[in-house]
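The lines below spell out each chain.
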Amino acid sequence: MTHLRIFCSLVAASAVFACSDRVAEEEDLLLVTTTSVRDSGLLAELLPIFQERTGVRAQVVAVGSGAALRMGRDGNADVLLTHAPEGEKALVASGAAVSRVPFMENHFVIAGPPEDPAGVREASSPADAMRRIADSSARFVSRGDDSGTHRREVALLKEADLDPSGGWPGFLSSGAGMGQSLQIAGEKRTYILSDIGTFLAFQKRIELEVLSQPAPSLRNVYSVIRIDPAKLEPVRAERAEQFQAFLLDPEIQRQIAEFGRERFGRPLFRPLHLESRPQS
Amino acid sequence: MNPPSIGLLVEITARTLAVCLPALAISLAIGLPIGIAIGGRRFAGRVPLVSLINTGMGAPPVVVGLVVFFALERNGPFGSWSLLYSPVAMVLAQVVIALPLVVGITLAAVGSLDEDWELQVRTLGVPKRWRLWLLVREIRLGLLAAVITALGGILSEVGAVMAVGGNLEGETRVLTTAILMYTQMGELEIALGLAVILVGLMLVLAGLLTAVQQSGRA
């Protein structure tokens, strides 16, 4: 009898829980973001502030930038955070998105085992680094998932006149997120292209090192993109606008500038709206 | 992103079978004897052992994947074997998932035999070496249920094989991890195509086994 009572109250409690969730949904904003922004912990820090200021709770769906842009195109998102400039500009040009604002940046790194068998440290450019890796048939873990990072891999391979789908014996396509791809690279002692933020979060665990020098072709710009309001309920379009303005707010930009200093000893992102600096 | 060719679909399907069937064979080879041994005997500590097995039958595969991950990672106890993110690691995780299912269902089948089945067999003067054969014949329906359950468990599993296999193209990418990947990439048509293959595969294999099971009944 006691068991039955406990069971019934559990069922009742979960029903209440499920319902309360449903009520809150009407206040929400569907934010589709690239995984690195979520995995770095930045959103977990910013979203509560956004909710406090506006009363809007953002629901976060983290996928690769390619998938995020497709979701935006199909109207399955209110606002996007992505880092695939070419695809973003195409989305705006197609009319599916109305506003693309770059709001922060960091850079990609080519990481690998400290022994550096392919000589990436001596490479003259990121494209040259890729050529060295391919020429020595060294192992390289590719994201292979049409994410922003994967698109950059493809761009670097093309710049180096290499087959964009790899093609050398050591080329591995993981089809996985940045974190898992870094784990695979660490286990198999391979080279990999990663955004600096996720790399720093995993560095201790995987024992790989940054081997590349900063270069323009490794610049990684994150943008906030509003979907065509005609595709959204008016209230959601309004919230998307609020969210875009929120990210450009000087106080939030300062917070982005500080983010990561505590955990990694250095900031993970550079805000683009704090002082006058060139924007892409 | 190029859509996967027919060749690629065939390759992923073939690799799925190349991982799942050995895992099933190993689970059966180890699990059936253990199940029969535990099922037919009374001994001290049997109850805790059986409840441990029953717990294993409900073990979340993703937790199994995590445990195998820690065992095989470079700094783990078996790191020197370099098995993480290889098909061998996937087989290992699937055996850990399937083994309790095989043992649990087998011992339940043995336990469901008539209490004095063994007494009858003994009274009839059946030699000891034939008794095991008779037992297996007697519980064959239960054993096939064990095979079908184990196969379904590992064929449809994604968490563990993702964690220890890594979904590497041409190496450890199987139907479930490919479906997950294409879903996350927004390539829903390809994901759906692979899902149809997976369900079809299960339908064919379960159908074959059920045919065997039911023909044995007549």
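**Student:** Is there a simple way to explain the domain arrangement of chain A in this structure?
**Tutor:** It is common to report an interface's size as the accessible area lost on association of the parts. All names here are of chain A. You can read the domains of chain A as domain 1 (20–106 + 220–271) and domain 2 (107–218). Here the C-alpha centre of domain 2 lies 26 Å away from the C-alpha centre of domain 1. With both sides pooled, the region where domain 1 packs onto domain 2 buries about 1,300 Å², and carbon together with sulfur makes up 55% of that total. The interface formed by domain 1 and domain 2 includes one salt bridge. The closest approach of N and O atoms between Asp 146 and Arg 70, which form a salt bridge, is 3.4 Å.

**Student:** In this structure, what is going on with the interface of chain B and chain A? I would like to understand it.
**Tutor:** Contact with chain B, which involves 22 residues of that partner, is made by 21 residues of chain A. Both sides together, the interface formed by chain B and chain A hides about 1,700 Å², and carbon and sulfur atoms give 47% of it. The tally of links between chain B and chain A comes to two salt bridges. Salt-bridge contacts for Arg 74 of chain B lead to Glu 207 of chain A; the nearest nitrogen and oxygen are separated by 3.7 Å. Inspection of the region where chain B meets chain A yields eleven residue pairs in polar contact (both at pLDDT 80 or more). Elements that contribute at least two residues to the side of chain B that touches chain A include exactly helix 3 (61–72), helix 8 (159–165) and helix 9 (175–184) of chain B. Considering every element that reaches the side of chain B that touches chain A, the biggest residue donor is helix 3 of chain B, with three residues.

**Student:** Got a minute to help me understand the confidence of the model for chain A in this structure?
**Tutor:** Close reading of the predicted structure is inappropriate where its pLDDT is low. Looking at chain A as a whole, its pLDDT mean stands at 89, while 89% of the residues score no less than 70. pLDDT under 50 marks residues 19–24 of chain A. Its contacts with residues more than four places away, or in other chains, come to two contacts.

**Student:** What am I meant to see in the nonpolar core here?
**Tutor:** In summary, soluble globular proteins display a tendency toward joint burial of nonpolar side chains. Leu 81 and Phe 243 of chain A together with Tyr 182 of chain B are the most contacted members of the largest nonpolar core, which totals 88 residues. In terms of residues, this core owes the most to one element, helix 4 (residues 87–111) of chain B, which gives eight residues. Residue-level mapping places this core at the junction of two domains, with at least three residues from each of domain 1 (20–106 + 220–271) and domain 2 (107–218) of chain A. Core analysis: the second largest hydrophobic core is formed by 22 residues, Phe 108, Ala 127, Leu 157 and Leu 211 of chain A among them.

**Student:** Quick question: what am I supposed to make of unusual backbone geometry here?
**Tutor:** Trans is the common state for peptide bonds, and a negative phi is the common state for residues other than glycine. A positive phi angle, near 50°, is found at Asp 116 of chain A, a position not held by glycine. Position of Asp 116 of chain A among the secondary structure elements: in the loop between strand 4 (97–112) and helix 6 (126–135). Not every positive phi belongs to a glycine, and Ser 82 of chain B is a case in point at roughly 50°. Note that Ser 82 of chain B resides in the loop between helix 3 and helix 4.

**Student:** Teacher, can you tell me more about helix 9 (residues 196–206) of chain A here?
**Tutor:** The α-helix winds at 3.6 residues per turn, so residues separated by three or four positions along the chain end up facing the same way. All names here are of chain A. Inspection of helix 9 places Ile 196, Gly 197, Thr 198, Phe 199, Leu 200, Phe 202 and Ile 206 among the buried residues, and these make up the whole buried set. Along its buried surface, helix 9 packs onto helix 2 (35–39), strand 4, helix 8 (178–188), strand 7 (191–195), strand 8 (209–210) and helix 12 (261–264). Once helix 9 ends, the next one or two residues include Glu 207, with phi positive near 55°.

**Student:** Looking at this model, I keep getting lost on the packing of aromatic side chains. Mind explaining?
**Tutor:** The description of two aromatic rings rests on the distance between their centres and on the angle between their planes. Residues and elements named next belong to chain A. The tally for this structure, following the rule as stated, stands at ten aromatic pairs over all chains. Ring geometry for Phe 140 against Phe 171: centres 6.0 Å apart, planes inclined by 20°, an arrangement best described as stacked. Residue Phe 140 is found in strand 5 (residues 140–142), and its partner Phe 171 is found in strand 6 (residues 171–173); the two are separated by 31 residues along the sequence. For Phe 140, a relative accessible area of 0% corresponds to the buried category. By relative accessible area, Phe 171 is classed as buried at 17%.

The rules behind each value
Numbering of residues begins from 1 in every chain and follows the order in which that chain's sequence is written. For naming, the first written chain is A and the first written ligand is 1, with later ones following in the order written. A pLDDT threshold of at least 70 governs which residues receive local features in this predicted model, and a stricter bar of 80 or more applies before side-chain atom pairs are shown or counted, although totals over entire chains, interfaces and linings include all residues. Neither water nor hydrogens contribute to the side-chain values; these are computed over all heavy atoms in the structure. Residue ranges labeled as domains rest on an automatic or database domain assignment. What gets called buried area is simply the loss in accessible area from a 1.4 Å probe that two parts show on being joined, summed for both. Salt bridges are defined as contacts in which a side-chain nitrogen from Lys or Arg sits within 4 Å of a carboxyl oxygen from Asp or Glu. The criterion used for residue contact is that any of the two residues' heavy atoms lie within 4.5 Å. Two N or O atoms count as a polar contact when they lie within 3.5 Å, although within protein this holds only if one can serve as hydrogen donor and the other as acceptor, and sequence-adjacent residues are included solely when both atoms are side-chain atoms. Put simply, DSSP H or I for four residues or longer makes a helix, DSSP E for two residues or longer makes a strand, and each gets a number counted from the N terminus. Per residue, pLDDT measures the predictor's confidence, with a range of 0 to 100. What we call a nonpolar core is a set of buried Ala, Val, Leu, Ile, Met, Phe, Trp, Tyr and Cys residues that are connected through their side-chain atoms within 4.5 Å. Whether a residue is buried, partly exposed or exposed follows from its accessible area with a 1.4 Å probe, protein chains only, as a fraction of its type maximum: under 20%, in between, or over 50%, in that order. Only the six-membered ring of Trp is used, alongside the rings of Phe and Tyr, when aromatic pairs are assigned; centres must lie within 6.5 Å, and planes under 30 degrees apart are stacked while those over 60 apart are edge-to-face, with the rest tilted.

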